[in-house]
Amino acid sequence: MMRTSRWVVIAALLTSYFFLTNEQDAYAMHIMEGFLPAKWALFWWGLFLPFFLVGLRRLVRTLKEHPEQKLLMALAGAFTFVLSALKIPSVTGSSSHPTGIGFGAALFGPWVMVVIGTLVLLFQALLLAHGGLTTLGANALSMAVVGPLVAFSVYQLHRRGLVSHRVALFLAACLSDLATYVTTSVQLAVAFPAPDGGVLASFLKFAGIFAITQVPLAVTEGILTVMVWNWLASYQASPLFEREKGA
Amino acid sequence: MKKNRWLFAFALVLILLPLWWARGSEFGGTDDQAERAIQTLAPHYRPWFESIFTPPGGEVETLLFSLQAALGAGVIGYVIGLYKGRSERKNGHDSRV
């Protein structure tokens, strides 16, 4: 009975979501090259760099202490790599892509994904003209710092016993995806405050619209994350999955 | 693994539904639209830095994006296959549930 009612709620939420949204322009994904004024570009770079350095040190240490985790890290990196290449259509009539950060952050904690996420962004900025070098600080802060931190915090809900393991994983992936794009709109809003209404109006303009585009993608990312986890868990891929047996 | 089948179906619906729901639109990238939004908010703003390398044309860009996805998918397949093989060897039988 519990099961059925849960599905009814989900179906109702989805239906209302689809009916509330209509085609409109949306503003998301990474900030394009040159599109942040120099002082803001510098500001976000400055804020991002300490996180990256800590992340790099943690990554090196983890690899030294647990070389057997290398394989899973490659998997987490590849997951982010694939998902950020997939531009998925959304109900708003525009496309955006998921981040894939939540999976690795749940497995390894936030710091490893700071480095991995940054590398993916760098690849896209250099080869695909997607995002940019001047805006890399801002984009990495939203996707590779805020994303993993949110995912990791949400994932703690499971450790506290508040929600089941897979629900925590789903929420972690989903919310870190959304948080990334909320951060992006904050960054755009402070750089381009609206002539009337200022930063807040500008933020609402950026966030209100793009969040809608990102919602189904965030849910999709949550699902894909749980799927990969299920695979790994059924093969008891590593000690990381042992505690989960029978859960 | 049965659970995954349902999850996959649900994800597929979520991806395909917009194609029908918002039919008629071009599903342009949201970053291009952000560019336009910035130009309405700050009409005098000019980007002060250009991408070092821009894929020449949509086809090459598609190639690079699919390359990115293919590389990632390859690694994921390799790692999961490796774990599957290991767990099968350890259990001495097919571990599919």
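Just so you know, these numbers come straight off a predicted model, no measurement behind them.

*Asks:* Sorry, what's going on with the overall build of chain B here?
*Replies:* Within chain B, the secondary structure is distributed over three helices and one strand. When its helices and strands are written in sequence order, chain B yields α-β-α-α. Carbon together with sulfur atoms contributes 64% to the accessible area of chain B, which is approximately 6,500 Å² in total.

*Asks:* Would you take a moment to explain the packing of helix H4 (residues 101–108) of chain A against helix H6 (residues 136–159) of chain A for this structure?
*Replies:* A packed helix pair is summarised by two numbers, namely the angle formed by the two axes and the spacing between the axes. All names here are of chain A. Where H4 meets H6, the closest approach of the two axes is 8 Å, and the angle between their N-to-C directions is 55°. One way to sum up the angle between H4 and H6 is to call them oblique. Read as a crossing pair, H4 and H6 show a hand that is right-handed. On H6, the residues that touch Ile101, Gly102, Ala105 and Ala106 of H4 are Met143, Gly147, Pro148, Ala151, Phe152 and Tyr155. A breakdown of the residues in the contact of H4 with H6 according to their chemical character gives eight nonpolar, two polar and no charged.

*Asks:* What am I meant to see in the packing of aromatic side chains here?
*Replies:* Within this structure, the stated rule accounts for 13 aromatic pairs over all chains. Taken together, a centroid distance of 4.9 Å and an interplanar angle of 75° make the contact between Phe43 of chain A and Trp44 of chain A edge-to-face. Residue classification places Phe43 of chain A among the partly exposed positions, given a relative accessible area of 41%. Trp44 of chain A gets classed as buried once you look at its relative accessible area, which sits at 8%. Three or more aromatic residues joined by ring pairs form one cluster here, namely Phe35 and Phe192 of chain A together with Tyr45 of chain B.

*Asks:* Explain the side chain of Asp177 of chain A to me, please; I cannot follow it from the model alone.
*Replies:* All names here are of chain A. Among the structural elements, Asp177 can be located in helix H7 (residues 165–191). For the buried Asp177, no salt bridge is present, and the opposite-charge side chain at shortest range is Lys87, 15 Å distant. Apart from residues no more than four positions distant in its own chain, Asp177 is found in contact with Pro98, Thr99, Gln214, Leu217, Ala218 and Glu221.

*Asks:* Is there a simple way to explain the pattern of salt bridges in this structure?
*Replies:* When the charged atoms of two side chains with opposite charge come close together, those side chains can pair. Scanning all chains against the criterion turns up two salt bridges over all chains. Glu61 of chain B is paired through a salt bridge with Lys87 of chain A; the nearest N and O atoms lie 3.9 Å apart. Of this pair, Glu61 of chain B sits in helix H3 (residues 58–91) while Lys87 of chain A sits in the loop between helix H3 (70–83) and strand E1 (88–89), placing the two residues on different chains. When the shortest N-O distance is used, the salt bridge between Lys84 of chain B and Glu88 of chain B registers 2.9 Å.

*Asks:* Explanation requested: the nonpolar core in the structure shown.
*Replies:* Soluble globular proteins: nonpolar side chains tend toward being buried together. Counting residues in each nonpolar core, the largest one holds 66 residues, and the members touching the most others are Leu75, Phe103, Phe192 and Leu232 of chain A together with Ile38 of chain B. No other element matches H3 of chain A, which puts 10 residues into this core. Counting five residues, the second-largest nonpolar core is a separate cluster that includes Ala85 and Leu128 of chain A together with Leu64 and Phe65 of chain B.

*Asks:* How should the UniProt feature "transmembrane region" (unreviewed entry) in chain B be read in this particular structure?
*Replies:* Following the UniProt record, the feature "transmembrane region" (unreviewed entry) maps to residues 63–83 of chain B here. Spanning residues 63–83 of chain B, this segment combines 100% helix with 0% strand, and its end C-alpha atoms are found 30 Å apart.

Parameters and conventions
- Residues numbered from 1 in each chain as written.
- Chains lettered and ligands numbered in written order.
- Predicted model: local features only at pLDDT ≥ 70, side-chain atom pairs only at ≥ 80, totals over all residues.
- Heavy atoms only, no water.
- Helix = DSSP H or I, 4+ residues; strand = E, 2+ residues; numbered from the N terminus.
- Areas by Shrake-Rupley, 256 points an atom, 1.4 Å probe, with all protein chains shown as cover.
- Axes fitted to C-alpha atoms, helices over the stretch in contact; angles between N-to-C directions.
- Parallel < 35°, antiparallel > 145°, perpendicular 65-115°, else oblique.
- Left-handed = near helix turned anticlockwise from the far one by under 90°.
- Contact = heavy atoms within 4.5 Å.
- Nonpolar A, V, L, I, M, F, W, Y, C, P; charged D, E, K, R; others polar.
- Phe/Tyr/Trp six-rings, centres within 6.5 Å; stacked < 30°, edge-to-face > 60°.
- Buried < 20%, exposed > 50% of the residue type's maximum accessible area, 1.4 Å probe, protein only.
- Lys, Arg positive; Asp, Glu negative; His and termini not counted.
- Salt bridge = Lys/Arg side-chain N within 4 Å of Asp/Glu carboxyl O.
- Core = buried A, V, L, I, M, F, W, Y, C linked by side-chain atoms within 4.5 Å.
- UniProt positions renumbered as here; feature names shortened; annotations may be inferred.

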